[in-house]
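As a plain string of letters, each chain reads:
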Amino acid sequence: MKNHVLRPLFVVIAGVALLLVVRHFIVPDDFGVEEGGSFTFNYHRLSSNDDWKNFKVKYRGMEYCQECHEEKVEEILASPHSVIQCENCHGPAVDHPEDPEVLSIETSRLLCRRCHAFLPYPQSNRADMPAINPEEHNPSENCVECHNPHNPDLENM
Amino acid sequence: MSCSRRDLLKNTMKGVVAATLPLSALKILSPAQVKASVGDSNVRWVFLVDIQKCVGCGFCVKACKIENEVPYDVGVTRTWVERYVVTKDHKTHIDTPMGGRDGYTTSKIHGEEIDPDTITKAFFVPKLCNHCKKPACVQVCPVGATYQTKDGVVLVDRSWCIGCGYCIMACPFGARFFHPIYKVAEKCTFCYHRITKGMKTACVQACPFGARQIGNLKDENDPVAKTIMTKRVGILKDEYGTQPQVYYIGLDERVR
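Residues numbered from 1 in each chain as written. Chains lettered and ligands numbered in written order. Predicted model: local features only at pLDDT ≥ 70, side-chain atom pairs only at ≥ 80, totals over all residues.

**Q** Honestly, the overall build of chain B in this entry has me stumped. Any pointers?
**A** Looking only at helices and strands, chain B has eight helices and twelve strands in total. Taking 2.2 N^0.38 as the reference for a compact globule, 256 residues should give roughly 18 Å; the C-alpha atoms of chain B span a radius of gyration of 24 Å, well beyond that estimate. Based on the C-alpha atoms only, the size of chain B along its principal axes is roughly 90 × 45 × 40 Å. Counting only residues that meet the buried cut, chain B has 40% of its 256 residues in that class. Within chain B, residue pairs in contact and separated by at least 24 positions form 62% of the contacts whose partners lie at least 6 positions apart. (Helix = DSSP H or I, 4+ residues; strand = E, 2+ residues; numbered from the N terminus. Rg over C-alpha atoms; globule rule 2.2 N^0.38 Å. Buried ≥ 20, exposed ≤ 12 C-beta atoms within 10 Å, placed from the backbone. Contact = placed C-beta atoms within 7 Å.)

Next up, the structure:
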């Protein structure tokens, strides 16, 4: 074959070879498809699964709080607020009591208003919530000054 | 061209055999299809949302953002709650301020007060990644950085994503966004770090009203699987053919 045909051919072959060598070093060894996975949807770096599994859990749930704060949990479980998780107001436990040692409690009106601000939607379950108009109902006071969030029943005020 | 009687008969026989062979005999099954047909993985995570139960408190969005370290004061979120208010003039007013992170505390929508007497229906719709059976976002990824696990969860490999944004464009549900810190595609993981430890997702745990549930579709005793199999449930954007795995009870046609 003529020289002017061969030379560009060598260049192309060298290019492809270089690409394969570079690819070999850059692509992680565990790239592939899990057993039984499909190439279309499952081709990935296999250890990425473990990266996500090892992500830090922050919200530990009411059972975790109960291990130490038995009385508080019992109190709230007997109240209309029994459906609310401790961490919704107290913040995520993470590694409490080591880290953080103290949780910062959210006591603002805004927190209570999430459920108890009146909205004119009788068709949704929002209508079942005891509701106030935040602009008329003691607008300058924090709700917790009168209502005990662990036992919000008005008779216990 | 010459053709002996022997050759003619031989070729005729070959032709007859080839013509009668069913096409399915030639179909090559991928190992995945074989495995799937014999039932390999016994977990398929699915999500169930009961729209009627949602009151728009937004605790789910707050919990998700903190649990998954999504920047709190940036307008991106893995899950969000939309408000739909339908009025008598057949208009639909939709809003989701900060993804509903702080709950719905005022009746104003986009700064506009809607006369309560004109409202025909109003409801809240929690949304998140649908973890589709055939995820369009995974198919478009040019580097294999996003994928579906064997238990059906669609994840992003942060160390391998190049941030091209194809998947964000490909998702019909707008469930993906660009992570402002890691500069990669970001999405709901069904709290993979929690569900694989037997916990509930952060949003399911935070919901006081049981509007959100997660379950295993392949477990016939799972209450979520039972509901999906036996009750009337809907999915979003069926027409895209991605087969979403977040099911809704009480879905309205106005929800897109």
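**Q** Is there a simple way to explain the overall build of chain A in this structure?
**A** Of regular secondary structure, chain A possesses seven helices and two strands. Mapped in sequence order, the helices and strands of chain A form the string α-β-α-β-α-α-α-α-α. Out of the 157 residues belonging to chain A, those deemed buried represent 17%. Long-range pairs, those at least 24 residues apart, make up 40% of the contacts in chain A between residues at least 6 apart in sequence.

**Q** Explain the sheet that holds strand S3 (residues 92–95) of chain B to me, please; I cannot follow it from the model alone.
**A** Backbone-to-backbone hydrogen bonds pair the strands of a sheet. The strands run either parallel or antiparallel. Residue and element names in this part refer to chain B. Spatial ordering of the open sheet is given by S3-S2-S6, a layout of three strands whose pairing is antiparallel. In this open sheet, the two strands that pair with only one neighbour each are S3 and strand S6 (119–127). Recorded for the sheet is a direction-independent mean angle of 15° between the axes of neighbouring strands. When strand S2 (residues 80–87) meets S3, the two strands line up antiparallel, connected through four bridges. Among the inter-strand pairings, Val86 is bridged to a residue of S3, identified as Thr92. (Pairing = 2+ DSSP bridges. Axes fitted to C-alpha atoms, helices over the stretch in contact; angles between N-to-C directions.)

**Q** Honestly, the sheet that holds strand S1 (residues 45–50) of chain B in this entry has me stumped. Any pointers?
**A** All names here are of chain B. Pairing is mixed across the open sheet formed by three strands, whose spatial order is S11-S1-S12. Among the strands making up the open sheet, the edge pair consists of strand S11 (212–216) and strand S12 (246–249). If you compare each strand with its neighbour and ignore which way they point, the axes differ by 25° on average. Sheet topology places S1 next to S11; five bridges connect them, and they run antiparallel.

**Q** What exactly am I supposed to notice about the domain arrangement of chain B here?
**A** Accessible area lost upon the coming together of the parts serves often as the stated size of an interface. Residue and element names in this part refer to chain B. Per the domain assignment, the segments making up chain B are domain 1 (45–132 + 188–249) and domain 2 (136–186). Just the C-alpha atoms count here: the centres of domain 1 and domain 2 sit 21 Å apart. Looking at the side of domain 1 that touches domain 2, its residues break down into eleven nonpolar, five polar and one charged. (Domains from an automatic or database assignment. Nonpolar A, V, L, I, M, F, W, Y, C, P; charged D, E, K, R; others polar.)

**Q** When you look at the nonpolar core in this model, what are you seeing that I'm missing?
**A** A general tendency of soluble globular proteins is for nonpolar side chains to be buried together. All names here are of chain B. In terms of nonpolar packing, the biggest core is built from 61 residues, with Phe47, Cys60, Ala63, Phe190, Cys203 and Ala206 touching the most fellow members. Both of domain 1 (45–132 + 188–249) and domain 2 (136–186) provide at least three residues apiece to this core. Discounting residues that sit within four places of it in the chain, Cys60 has contacts with Thr79, Pro126, Cys203, Ala206, Cys207 and Arg212. (Core = buried A, V, L, I, M, F, W, Y, C linked by C-beta atoms within 7 Å.)

**Q** Looking at this model, I keep getting lost on the pairing of S1 of chain B. Mind explaining?
**A** Where a strand is regular, its side chains alternate between the two sheet faces. Residues and elements named next belong to chain B. In terms of burial, S1 is largely enclosed, as six of its six residues are buried. Taking every second residue as pointing to the same face, both faces of S1 are buried, with Trp45, Phe47 and Val49 on one and Val46, Leu48 and Asp50 on the other. Relative to S12, S1 runs parallel, the two sharing four bridges. What sits directly across from Phe47, in S12, is Val246.

**Q** Looking at this model, I keep getting lost on the interface of chain A and chain B. Mind explaining?
**A** Across the boundary between the two partners, chain A contributes 40 residues, which contact 49 residues of chain B. Taken together, the elements giving at least two residues each to the side of chain A that touches chain B come down to helix H2 (39–42), strand S2 (44–45), helix H3 (48–53) and helix H7 (109–116) of chain A. Of the residues belonging to the side of chain A that touches chain B, the class tally is 18 nonpolar, 15 polar and seven charged.

**Q** Sorry, what's going on with H7 of chain A here?
**A** One turn of the α-helix equals 3.6 residues, which is why residues spaced by three or four share an orientation. The buried count for H7 of chain A comes to six of eight residues, which makes it a mostly enclosed element. Within H7 of chain A, burial applies to Leu111, Cys112, Arg113, Arg114, Cys115 and His116 of chain A. Contacts from the buried residues of H7 of chain A go to helix H6 (86–90) of chain A together with helix H3 (59–67) of chain B.

**Q** When you look at unusual backbone geometry in this model, what are you seeing that I'm missing?
**A** Most of the time, phi is negative for any residue but glycine, and the peptide bond is trans. Following His96 of chain A, the chain continues to Pro97 of chain A via a peptide bond in cis, the omega torsion being 10°. In this model, Asp99 of chain A is joined to Pro100 of chain A through a cis peptide bond whose omega is 0°. Tracing the backbone shows Pro100 of chain A in the loop between H6 and H7. The phi dihedral of Asn138 of chain A is positive, around 40°, even though this residue is not glycine. In this fold, Asn138 of chain A is placed in the segment after H7. C-beta crowding within 10 Å serves as the criterion here: with 12 such atoms nearby, Asn138 of chain A is assigned to the exposed category. In this structure, Lys237 of chain B takes a positive phi of about 50° despite not being glycine. Tracing the backbone shows Lys237 of chain B in the loop between helix H8 (223–230) and S12. Overall, Lys237 of chain B belongs to the partly exposed group, with 14 C-beta atoms counted inside 10 Å.

**Q** Where do I start with the confidence of the model for chain B in this structure?
**A** Do not read the predicted coordinates in detail wherever pLDDT is low. Chain-level statistics for chain B give a pLDDT mean of 91 and a share of 92% at 70 or above. In the model output, the complex is listed with pTM 0.85 alongside ipTM 0.89. (pLDDT = per-residue confidence, 0-100.)

**Q** Looking at this structure, I do not really get the environment of Asn125 of chain A. What am I missing?
**A** By the element assignment, Asn125 of chain A lies in the segment after H7. Assessed through the 18 C-beta atoms surrounding it within 10 Å, Asn125 of chain A is described here as partly exposed.

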